[in-house]
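Survey of secondary and tertiary structure
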Amino acid sequence: MKMSAAITTVRGIRLVVAFPHPSYVRPGVGDVLLERLAPHFPALPIMLVSAKSTNAQAYATFETAALLAALDLADLVLEKIDLDLLPEVEVKPPF
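Everything in this summary refers to the structure shown in the same document. Worth saying up front: this structure is predicted, and the values here are computed from it rather than measured. (Residues numbered from 1 in each chain as written. Predicted model: local features only at pLDDT ≥ 70, side-chain atom pairs only at ≥ 80, totals over all residues. Heavy atoms only, no water.)

Digging into the overall build of the protein
A tally of helices and strands in the protein yields 2 helices and 5 strands. In the protein, the succession of α and β elements from N to C terminus is β-β-α-β-β-α-β. In terms of C-alpha radius of gyration, the protein reaches 14 Å, essentially the compact-globule figure of 12 Å for 95 residues. The burial tally for the protein puts 36% of its 95 residues in the buried class. Sequence-distant contacts, at least 24 apart, represent 62% of the contacts inside the protein between residues at least 6 apart. A total of about 6300 Å² of accessible surface is found on the protein, and carbon and sulfur atoms cover 56% of it. Taken as two groups, the 8 positive and 10 negative side-chain charges of the protein have centres that lie 3 Å from each other. (Helix = DSSP H or I, 4+ residues; strand = E, 2+ residues; numbered from the N terminus. Rg over C-alpha atoms; globule rule 2.2 N^0.38 Å. Buried < 20%, exposed > 50% of the residue type's maximum accessible area, 1.4 Å probe, protein only. Contact = heavy atoms within 4.5 Å. Areas by Shrake-Rupley, 256 points an atom, 1.4 Å probe, with all protein chains shown as cover. Lys, Arg positive; Asp, Glu negative; His and termini not counted. Charge placed at Lys NZ, Arg CZ, Asp CG, Glu CD.)

As structure tokens, then:
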């Protein structure tokens with residue numbers, strides 16, 4: 001499964017905004033997707049967003065309404081995430 005995501009700061013909170021298919025932006029399947037995304041963005045909160053032209057919706061394990069209202073979708077620098085691949089891990093040398 002591939003999707004676009006971006007790391008951004010909203011209201012002083014650094015978080016990941018991911019854009020899956022709108023059917024994933026809800027409890028249940030959204031929780032499973034959040035668990036699959038977590039290894040790609042360790043230690044960052046993740047918010048799933050469905051940016052429809054009429055109204056945007058969001059789902060996360062935290063309250064999303066205020067963050068979604070303050071989020072500027074036009075300024076995000078998106079990257080493609082492939083959840084079928086293992087996340088790249090930065091390994092520091094042992095010395």
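Picking up where we left off.
Some points on the nonpolar core
The tendency in soluble globular proteins is for nonpolar side chains to be buried as a group. In this structure, Leu37, Phe41 and Leu48 are the most contacted members of the largest nonpolar core, which totals 15 residues. Mapped by element, the contributors of at least two residues to this core are β1 (2–10), β2 (13–19), α1 (29–37) and β3 (46–51). Of all hydrophobic cores here, the second largest spans 12 residues; its members include Ala6, Val17, Met47 and Leu67. (Core = buried A, V, L, I, M, F, W, Y, C linked by side-chain atoms within 4.5 Å.)

Focus on the layout of surface pockets
Approximately 210 Å³ is the volume found for the largest pocket. Every residue lining the largest pocket is listed: Ile7, His40, Phe41, Glu79, Lys80, Ile81, Asp82, Leu85, Leu86, Pro87 and Glu88. Among the elements that make up the lining of the largest pocket, the one with the highest residue count is strand β5 (residues 79–82) (4 residues). (1 Å grid on protein atoms, 1.4 Å probe; cavity = no way out; pocket = protein on both sides within 12 Å on 5 of 7 lines; lining within 4 Å. Points joined across faces, edges and corners; volume = space filled by probe spheres on them.)

A few points about the sheet that holds strand β4 (residues 56–59)
Ordered in space as β4-β3-β2-β1-β5, the 5 strands form an open sheet in which the pairing is mixed. Of all strands in the sheet, those with a lone pairing partner are β4 and β5, marking the two edges. Along the sheet, successive strands turn relative to each other by an average axial angle of 35 degrees, direction set aside. Helix-sheet contacts for α1 involve β1, β2, β3, β4 and β5, and the interaxial angle to β3 is about 125 degrees. (Pairing = 2+ DSSP bridges. Axes fitted to C-alpha atoms, helices over the stretch in contact; angles between N-to-C directions.)

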